[in-house]
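# Chain and residue survey
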Amino acid sequence: MTRPTFWLRCEKKEFEKRAALTPTTARKLIDAGFEIIVERDEQRIFDDSEYEAVGCKLVENNSWPSAPKEIPIIGLKELPVSTDPLPHTHIQFAHCYKNQAGWADILSRFQRGNGTLYDLEFLEDANGRRVAAFGFHAGFAGAAAGALALAAERRGKKLGQLNPYANEAAMIEDVKKALGGSGMGVKALVIGALGRCGRGAVDLFKKIGLEDDDILKWDMAETAKGGPFEEILDVDIFINCIYLSSKIPSFITRDTISAAGKGRRLKVVVDVSCDTTNPFNPIPIYTINTTFSEPTVGVDLPSDLPPLSVISIDHLPTLLPRESSEQFSADLLPSLLEFPSRDTARLWTDAHNLFQKKLGEAKAVA
């Protein structure tokens, strides 16, 4: 009988150091009878030798297009833009199920290649909760980036390139140092504070020294009245951590920012949710994703108003690549063990049915 196999591809997104499969998870899959093929990747936080040591088979970087079509390809971030058909089964975050920019083009590649997409964002348990998510570390890293941007603004500068940290302790130490030793006195508002992402942001703020009363923790109850919310303008850092599924009133707009005048306290907006190209984006004050090399973008405001920076990086957890990968991969493991039964296992059949539905929607707009 053929052994079930996963092919871990390299990540081509700049600065992306995370991995969908860690050596720890790979070892557990191998012990369960799987074969794990891993592309060599100098960018990945885990050394090739760590995979080799647990029994993975190493292959050349970015060689998955020539892999046997029956082997599922697993990765994290979206594939580079291309028109090439995709004949394989892919397990990844594809960012094409919520009408994001280019969504139909992405799905057409699967349609033309007769391939299949299992989108990691939509692998859900029986209660509709994602089985694996980077939410906590996204919020944690987003809050850290926001604090670093605030520290730079206080010095009259723009935040420079962000680089991944070896661990959480190193990140906290660096942020506190940038703020002069502590975040005490900084005021922040987190929307979506009860979710995984929001809890991560709140945790970071506490660990860098913000007092609890200076962390406004909003969730559905506080936003039920509908935005825009003037309270956002009265904090130093605003963190958006909501999961967007439908149109809602904007949280903040250029008009509300301008109306606040020169006395506005808000200096940094971190859109961890990063629904930049989503037509329902509740933070319509920016239009581009920022990057690790250029982490902030200024909001277009009248020249007599104080500046306002937005961070909209769509892979923030890679600031803590080893820890976030280990947590995500461990959470994903039980579902991967079920993958050989994907034709009958509820989680995988649901994901496949969703793919077919979205494929039909893409065909309809082609």
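Residues numbered from 1 in each chain as written. Predicted model: local features only at pLDDT ≥ 70, side-chain atom pairs only at ≥ 80, totals over all residues. Heavy atoms only, no water.

## A look at the nonpolar core
Of all hydrophobic cores here, the largest spans 44 residues; its most connected members are Met171, Phe205, Ile208, Ile237 and Ile239. Counting only elements with at least two residues in this core, the list comes to α4 (135–154), α5 (168–178), β7 (188–191), α6 (196–207), β9 (237–240) and β10 (268–271). Counting residues in each nonpolar core, the second largest holds 35 residues, with Leu29, Leu120, Phe339 and Ala345 among its members. (Core = buried A, V, L, I, M, F, W, Y, C linked by side-chain atoms within 4.5 Å. Buried < 20%, exposed > 50% of the residue type's maximum accessible area, 1.4 Å probe, protein only. Helix = DSSP H or I, 4+ residues; strand = E, 2+ residues; numbered from the N terminus.)

## Some details on α4
The end-to-end C-alpha distance of α4, which contains 20 residues, comes to 29 Å, matching closely the 28 Å that a straight helix rising 1.5 Å per residue would cover. In terms of residue burial, α4 counts as a mostly covered element, since 17 of its 20 residues are buried. Gly156, located one to two residues past α4, shows a positive phi value of around 75°. (Expected span 1.5 Å × (residues − 1).)

## Section: the pairing of strand β5 (residues 89–92)
By the alternation rule, side chains of β5 split into Thr89 and Ile91 and His90 and Gln92, which are all buried. Summarising the sheet, strand β4 (residues 73–74) and β5 pair through 2 bridges and their orientation is parallel. Paired with Ile73 across the strands is His90, a residue of β5. For the crossover from β5 across helix α3 (residues 103–113) to strand β6 (residues 116–119), the handedness is right-handed. (Pairing = 2+ DSSP bridges. Right-handed = clockwise from strand over helix to strand, strands pointing away.)

## As for the packing of aromatic side chains
The geometry of an aromatic ring pair comes down to the distance between the two centres and the angle between the two planes. Enumeration according to the criterion identifies 15 aromatic pairs in this entry. A ring pair is formed by Phe15 and Phe292, whose centres lie 5.6 Å apart and whose planes are at 20°; its orientation type is stacked. Linking Phe15 in the loop between β1 (5–8) and α1 (23–31) with Phe292 in the loop between β10 and β11 (297–298), this pair joins segments that are 277 residues apart in sequence. Phe292 carries the same exposure label as Phe15, and that label is buried. Residues Phe93 and Phe328 carry aromatic rings whose centres are separated by 5.9 Å and whose planes lie at 45° to one another, so their mutual orientation is tilted. Here the residue Phe93 occupies a position in the loop between β5 and α3, and Phe328 occupies one in helix α9 (residues 321–337), the gap between them amounting to 235 residues. Exposure class is identical for Phe93 and Phe328. Each is buried. (Phe/Tyr/Trp six-rings, centres within 6.5 Å; stacked < 30°, edge-to-face > 60°.)

## Things to note about unusual backbone geometry
In the segment running from Gly227 into Pro228, the intervening peptide bond is cis, with an omega of 0°. Relative to the assigned elements, Pro228 resides in the loop between α7 (220–223) and β9. Notably, Phe15 is not glycine yet its phi reads approximately 75°, a positive angle. Accessibility expressed as a relative area gives 18% for Phe15, which makes it buried.

## Quick notes on the pattern of salt bridges
Summed over the entire model, instances satisfying the criterion amount to 19 salt bridges. Here Glu11 and Arg9 are joined by a salt bridge, their closest N and O atoms 3.7 Å apart. Relative accessible area serves as the criterion here: at 3%, Arg9 is assigned to the buried category. Through salt bridges that share partners, Lys13, Glu78 and Asp314 make up one connected network. (Salt bridge = Lys/Arg side-chain N within 4 Å of Asp/Glu carboxyl O.)

## Topic: the sheet that holds β9
Strand order in the open sheet formed by 6 strands is β8-β7-β9-β10-β12-β11, with mixed pairing between adjacent strands. Of all strands in the sheet, those bounded by a partner on one side alone are β8 (215–218) and β11. In the sheet, β9 pairs with β10 via 4 bridges, with the strands oriented parallel. The residue of β10 that forms the bridge with Asn240 is Asp271.

## What about the UniProt feature "active site" (unreviewed entry) in the protein chain?
The positions that UniProt labels "active site" (unreviewed entry) are, in the present scheme, Lys77 and His95. Across 19 residues in sequence, these annotated residues keep their C-alpha atoms within 8.6 Å of one another, forming a single compact spot. Given the relative accessible area of 4%, Lys77 is considered buried. If near-sequence neighbours (up to four positions away) are discounted, Lys77 is found in contact with Arg9, Glu11, Lys13, Glu16, Arg18, Gln92, Phe93, His95, Asp314 and His315. Looking at the secondary structure, you find His95 in the loop between β5 and α3. Residue classification places His95 among the partly exposed residues on the basis of a relative accessible area of 25%. When sequence neighbours within four positions are dropped, the list of residues in contact with His95 reads Lys77, Glu78, Gln100, Ile106, Asp119 and Glu121. (UniProt positions renumbered as here; feature names shortened; annotations may be inferred. Contact = heavy atoms within 4.5 Å.)

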